[in-house]
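# Commentary on secondary and tertiary structure
Listed below are the residues making up each chain.
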Amino acid sequence: MSNNMQTMAISNPRTGLVDFDLPLYTLQHVEDEAKCLKLHQSQWWNMGLGERIAVMQNLANSMAEYKAHLVAALINDTGRASESELEVDVTINAIHRWCKQAPALLAKGEPWSAEIPFIELQQDYLPYPLVGVISPWNFPLLLSLVDAIPALLAGSAVLIKPSEVTSRFVAPFNEVLKRIPMLNNVLTLVTGAGETGQAVINAVDSLCFTGSVATGRHVGQLCAQRFIPAFLELGGKDPAIVCKDADPELAAKALCWGSMVNAGQSCMSLERVYVHKDIAPIFLAKLVANVRALKHNYPDIQQGQIGPIISAKQVKIVEAQLQDAKDKGATILCGGEVLNLGGGRYCLPTVLTDVNPQMSVVSQETFAAVLPVTIIDSDEQGVVLANDSEFGLSAAVFSQNVDYAKQIARQLEAGAVSINDASLTALIHEAEKQSFKYSGLGGSRMGAESIRRFMRKKAYIRN
Ligand code: NAD
């Protein structure tokens, strides 16, 4: 980073006060970084997979040693404590898991020869030289590395641009990188807002974007103009169907967690519930009791489950959706407002009913501790309403008959469906999945495709 870089003032989500000057990388800065990365990429690729795995394991171990610094920065980025600690652990585990899986994942497509008379054919896989990653604010470290790790193992160099709102973690992460010169040569983080993101798109050979549908559409168009692949992981409005024969206690507990964890600021948060009328009263009573028991992590950040809303922009969205629902006749069973606690803005954990698809809280992503519940006459009606959405990230089904639940799950237009559980588990585990509809485009982030999608096929033909 050069000394004369311009900066952007960023507020702390717990106090609302500016506490961070974000360096703004320009087009020229990004081009320079990209040039440097490309210079070192062939050496990284030529090292071979075994050596790259050793370097990545070194990264995981160094992050573990430096964990306290990473967690401290993430706490200032996001305003949450235990989740920040968990985020570092999950990221370290992901590096170890990919290192373990990489040889098998890559072996599946090892170079092969075909016997055609007089012709020898060999197939090879070469990494894209430079992969770009543009990430959102809700899990700043994890979502910056989740695509970078497999790309590095594939043999690419990687240029990451995290969200402008949550880039405090970059400084301690760079300290970790400095300890591993080989990796430092092929992995660089640049900071900035949309303009820096566009500069990244201009400089790379393949792009992984995680963020909103609106930005994703723009990013997809920019990538299309450059004919580079774009892997888009976008927003959701994930539905849950609580069938007539569901266990209401289990469903209420799982849905409280699945909708409120991380203060609802998870892409795979369950944001709509469709509950059968026969069990609606008991389910709603249990759900509201569970949700009412949640506390804010203010004034003690180590206590409570609900952290602050990340930014003023996000507060506006949540308040507008709650107001729209109230104006259109929704019933607030608990919560229903955004508090100001010490300058931070906290959503009171909210359950609404008497909602309909004309309300933005039902049709648009909320990204807060807000759960609208619709009472349905039949499970089939639940499927129709759940699919009546432009999103298709994940979903959940609750029924004591697992075969029946699977039948319902098959009909849902979503890339991952949990049965008698909340959907976030699919993110942490290794399930291969794709995002449906406007929730994304491209190959799977997990499993065999996770590494292969960073490689191009090449054929050698000899007469
Ligand atoms: P966002 O779209 O506002 O920003 C995402 C990133 O794009 C940021 O780094 C931002 O600086 C960058 N950006 C903005 N304009 C750009 C441009 N013109 N060109 C290039 N880059 C640009 O999203 P957000 O508010 O940071 O994150 C929340 C969204 O992310 C939610 O919609 C959520 O559902 C989604 N998300 C999806 C997943 C998933 O795996 N599907 C995971 C986490 C979050």
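In this text, all values refer to a predicted model and were calculated from it rather than measured experimentally. (Residues numbered from 1 in each chain as written. Predicted model: local features only at pLDDT ≥ 70, side-chain atom pairs only at ≥ 80, totals over all residues.)

## Details of the nonpolar core
Applied cut-off: Take the buried Ala, Val, Leu, Ile, Met, Phe, Trp, Tyr and Cys residues, join any whose C-beta atoms are within 7 Å, and the set you get is a nonpolar core. Partly exposed residues are those whose C-beta has more than 12 but fewer than 20 other C-beta atoms within 10 Å; 20 or more makes a residue buried and 12 or fewer makes it exposed, with C-beta atoms placed from the backbone. An automatic or database domain assignment provides the domain bounds reported here. Contacts are defined on C-beta atoms placed from the backbone: any two residues whose C-beta positions lie within 7 Å are in contact.
In terms of nonpolar packing, the biggest core is built from 139 residues, with Val158, Leu159, Ile241, Val242, Leu255 and Cys347 touching the most fellow members. Each of domain 1 (7–234 + 439–459) and domain 2 (238–426) gives at least three residues to this core. Those residues in contact with Ile241 that lie beyond four places of it in its chain are Tyr274, Asp379, Gly382, Val383, Ala386, Val397, Phe398 and Ile408.

## Comments concerning the sheet that holds strand S12 (residues 331–334)
Which entries qualify depends on this criterion: At least two bridges found by DSSP between two strands are what make those strands a pair. Numbering of helices and strands runs from the N terminus; a helix is a DSSP stretch of H or I covering at least four residues, while a strand is a stretch of E covering at least two. To define axes, lines are fitted to C-alpha atoms, for helices over the stretch in contact only, and angles between the resulting N-to-C directions are given on a 0 to 180 degree scale.
Sheet architecture is open: seven strands sit in the order S12-S15-S16-S11-S10-S18-S19, paired in mixed fashion. At either margin of the open sheet sits one strand with a lone partner, and together these are S12 and strand S19 (416–419). Ignoring which end each strand starts from, the neighbouring axes of this sheet average 25° apart. Bridging between strand S10 (residues 238–242) and strand S18 (residues 394–398) involves three bridges; their strand directions are parallel. Bridge pairing in S18 links Ile241 to Val397. Its contacts with the sheet place helix H11 (residues 248–260) against S10, strand S11 (270–276), strand S16 (370–376) and S18, and it is angled at close to 160° to S11.

## Some details on the domain arrangement of the protein
The cut-off we apply is this: Residues are sorted three ways: Asp, Glu, Lys and Arg are charged, Ala, Val, Leu, Ile, Met, Phe, Trp, Tyr, Cys and Pro are nonpolar, and all the rest, Gly among them, are polar.
Parsing the protein into structural domains produces domain 1 (7–234 + 439–459) and domain 2 (238–426). Its C-alpha centre places domain 1 at a distance of 31 Å from the equivalent point of domain 2. Among the residues forming the side of domain 1 that touches domain 2, the class breakdown is six nonpolar, six polar and three charged.

## Side note on the environment of Val133
Take Val133: it is sitting in strand S5 (residues 130–134). On the neighbour-count criterion, Val133 (26 C-beta atoms within 10 Å) is buried. When the C-alpha atoms of Val133 and Asp147 are compared, they prove to be 7.1 Å apart, with 14 residues separating the residues in sequence. The residues touching Val133, leaving out its near neighbours within four places in the chain, are Ser144, Asp147, Ala148, Val158, Ile160 and Cys208.

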